[in-house]
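Letter by letter, the chains look like this.
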Amino acid sequence: MKVIDHLKNTQEPKISFELIPPKRGGDIRSLLAVIDDIVKYNPPFIDITSHSAEVVYEETNHGIQKKVKRKRPGTLGICALIQNKYNIDAVPHILTHGFTREETEDFLIELSYLGIENVLAIRGDDNGYQKPVPEGKSVNKYAVDLVKQIAGMNNGKYLEENLLDAKPSGFCVGVSGYPEKHFEAPNLLTDIRHVKDKVDAGADYVVTQMFFDNNTYFKYVEMCRKEGIKVPIIPGLKILTNKTHLINIPKNFYINLPSSLVDEVLAAKPEQVLDIGVEWAANQVLDLINNNVPSVHFYIMQNSSPVIKLMNRLKEMKVVAA
Ligand SMILES: Cc1cc2nc3c(=O)[nH]c(=O)nc-3n(C[C@H](O)[C@H](O)[C@H](O)COP(=O)(O)OP(=O)(O)OC[C@H]3O[C@@H](n4cnc5c(N)ncnc54)[C@H](O)[C@@H]3O)c2cc1C
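Heads up: these notes are all about the structure in this document. (Residues numbered from 1 in each chain as written. Predicted model: local features only at pLDDT ≥ 70, side-chain atom pairs only at ≥ 80, totals over all residues. Heavy atoms only, no water.)

1. Focus: the packing of helix 2 (residues 28-39) against helix 3 (residues 75-84)
Interaxial distance between helix 2 and helix 3 falls to 12 Å at its minimum, and their mutual angle equals 35°. The hand of the helix 2/helix 3 crossing is right-handed. Along the contact surface, helix 2 presents Ile28, Leu31, Leu32 and Ile35, while helix 3 presents Ile78, Leu81 and Ile82. Among the residues forming the contact of helix 2 with helix 3, the class breakdown is 7 nonpolar, no polar and no charged. (Axes fitted to C-alpha atoms, helices over the stretch in contact; angles between N-to-C directions. Helix = DSSP H or I, 4+ residues; strand = E, 2+ residues; numbered from the N terminus. Left-handed = near helix turned anticlockwise from the far one by under 90°. Contact = heavy atoms within 4.5 Å. Nonpolar A, V, L, I, M, F, W, Y, C, P; charged D, E, K, R; others polar.)

Structure representation (structure tokens):
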């Protein structure tokens, strides 16, 4: 089922999750254990992130060597399992950065074969490696260009003209939004106008970057609506689980942490921080649901224990069914 249909049919709050593939050569079994844990909560869909190739330096017998690697391959395989073994809608992320439009088309065709109907179209970050574009191939620059490519395929327009059996695809397309502005954007309004471009190009819904103060989200949605963005805007949340998050979350995601949360974490013993983070996230969910937000998306990476704690707390609070 498409993400937008999940949102339309919802009678009770829907909680979806986002996972990150294991590192190259890492153990898929630990990720499968995480999926086993989270499917118990009937997520409407599960996102799997995607990662482009980057430069890594490795110490070898011949000294330090520079290599280009996709440190986290596996998005397609994991999505195939989620969709066809767990029977939950998988949402693979697709990047412009590091992939040609031709590779993207192939990837989308494979997704169609696997019965996957949803994708999240993302630009990706400049990670220091620009893959050379082979002769005769082309690239998308911004996420909006990727949305246009997918919308084209949904209308039967493939890069390879005269393709045999070229049927229109039927992807439901999500895109990102940043309640505290994307770090490259000159201001929030300009950034929102770029989100509007993605919606006008064919995006069906927006998922936000994580935030820890719901007022940021409510204000963002209000600004988006004023700019004519009518599609659902799914709030993205993360559970703060340790003291290092006070530094890493703002550094990596360019967002603010509210002072009351920071003060509570600073005053706590390290082993108390998970409980503080879970309580904070549970109250965020409760407040969002009370404000008629039907669906919440949790960034959980590869660790299910904080989310299990959260779901139990949400049951106690009667936010989700017991
Ligand atoms: C929900 C979500 C999921 C994510 N998943 C992944 C993932 O799987 N893998 C990964 O590597 N990263 C992921 N990211 C991080 C993301 O790749 C980075 O934040 C990246 O820097 C921006 O991607 P985007 O799709 O938001 O870019 P875009 O929407 O292309 O915007 C990027 C910047 O360019 C500006 N802009 C857009 N269009 C134009 C234009 N035409 N002219 C000038 N400026 C323009 C925007 O305002 C913004 O500042 C995710 C982020 C979110 C919020």
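2. Section: the sheet that holds strand 2 (residues 45-48)
Read once around its circumference, the closed barrel built from 8 strands follows the order 1-2-5-6-7-8-9-10, with strand pairing classed as parallel. Neighbouring strand axes in the sheet, compared pairwise and without regard to direction, differ in orientation by 30° on average. Two elements, strand 6 (residues 118-122) and strand 7 (residues 172-177), share 4 bridges in a ladder whose sense is parallel. Bridging across to strand 7, Ala121 finds its partner in Val175. Its contacts with the sheet place helix 3 against strand 2 and strand 5 (89-95), and it is angled at close to 165° to strand 5. (Pairing = 2+ DSSP bridges.)

3. Description of the state of the cysteines
What the rule picks out here adds up to 0 disulfides. Between Cys172, a free cysteine, and Cys79, which holds the nearest cysteine sulfur, the sulfur-to-sulfur gap is 14 Å. For Cys172, a relative accessible area of 1% corresponds to the buried category. No disulfide involves Cys224; its sulfur sits 17 Å from that of Cys172, the nearest cysteine. Classification of Cys224 as buried rests on a relative accessible area of 1%. (Disulfide = S-S within 2.5 Å. Buried < 20%, exposed > 50% of the residue type's maximum accessible area, 1.4 Å probe, protein only.)

4. Here we look at the pairing of strand 8 (residues 205-210)
With 6 of 6 residues buried, strand 8 is to be regarded as a mostly interior element. The pairing of strand 7 with strand 8 spans 4 bridges and is parallel. Among the inter-strand pairings, Ser176 is bridged to a residue of strand 8, identified as Val207. In this structure, strand 8 lies alongside strand 9 (residues 233-237), joined through 3 bridges in parallel fashion.

5. Description of the nonpolar core
Membership of the largest hydrophobic core comes to 63 residues, with the highest contact counts inside it found for Leu19, Phe298, Leu310 and Leu314. Among residues more than four places away in sequence, those in contact with Leu19 are Leu31, Val34, Ile35, Ile38, Ile46, Asp47, Ile48, Thr49, Ile300 and Met301. Grouped together as the second largest cluster of nonpolar side chains are 26 residues, Val3, Val91, Leu120 and Ile276 included. (Core = buried A, V, L, I, M, F, W, Y, C linked by side-chain atoms within 4.5 Å.)

6. Observations concerning unusual backbone geometry
Here the phi dihedral of Asn42 falls at roughly 50°; this positive angle occurs in a residue that is not glycine. With respect to the element layout, Asn42 can be found in the loop between helix 2 and strand 2. A residue is classified by how much of its surface remains accessible, and Asn42, at 65% relative accessible area, is exposed.

7. Description of the site of the ligand
In the region of the ligand, 23 residues are neighbours, and Asp125, Ser176, Tyr178, Asp191 and Lys198 sit closest. Here Ser50 contributes a backbone N or O atom positioned 2.7 Å from a nitrogen atom of the ligand. Separating an oxygen atom of the ligand from a side-chain N or O atom of His182 is a distance of 2.8 Å. Listed by contribution, the elements that provide at least two residues to the shell around the ligand are strand 5, strand 6, helix 6 (188-201) and strand 8. Broken down by element, the shell around the ligand gets its largest block of residues, 3 residues, from helix 6. Taken together, the residues that form the shell around the ligand break down as 10 nonpolar, 8 polar and 5 charged. (Near = heavy atom within 4 Å. Polar contact = N/O pair within 3.5 Å; in protein donor to acceptor, adjacent residues only side chain to side chain.)

Read these as layout, nothing more, since geometry by itself doesn't imply function.
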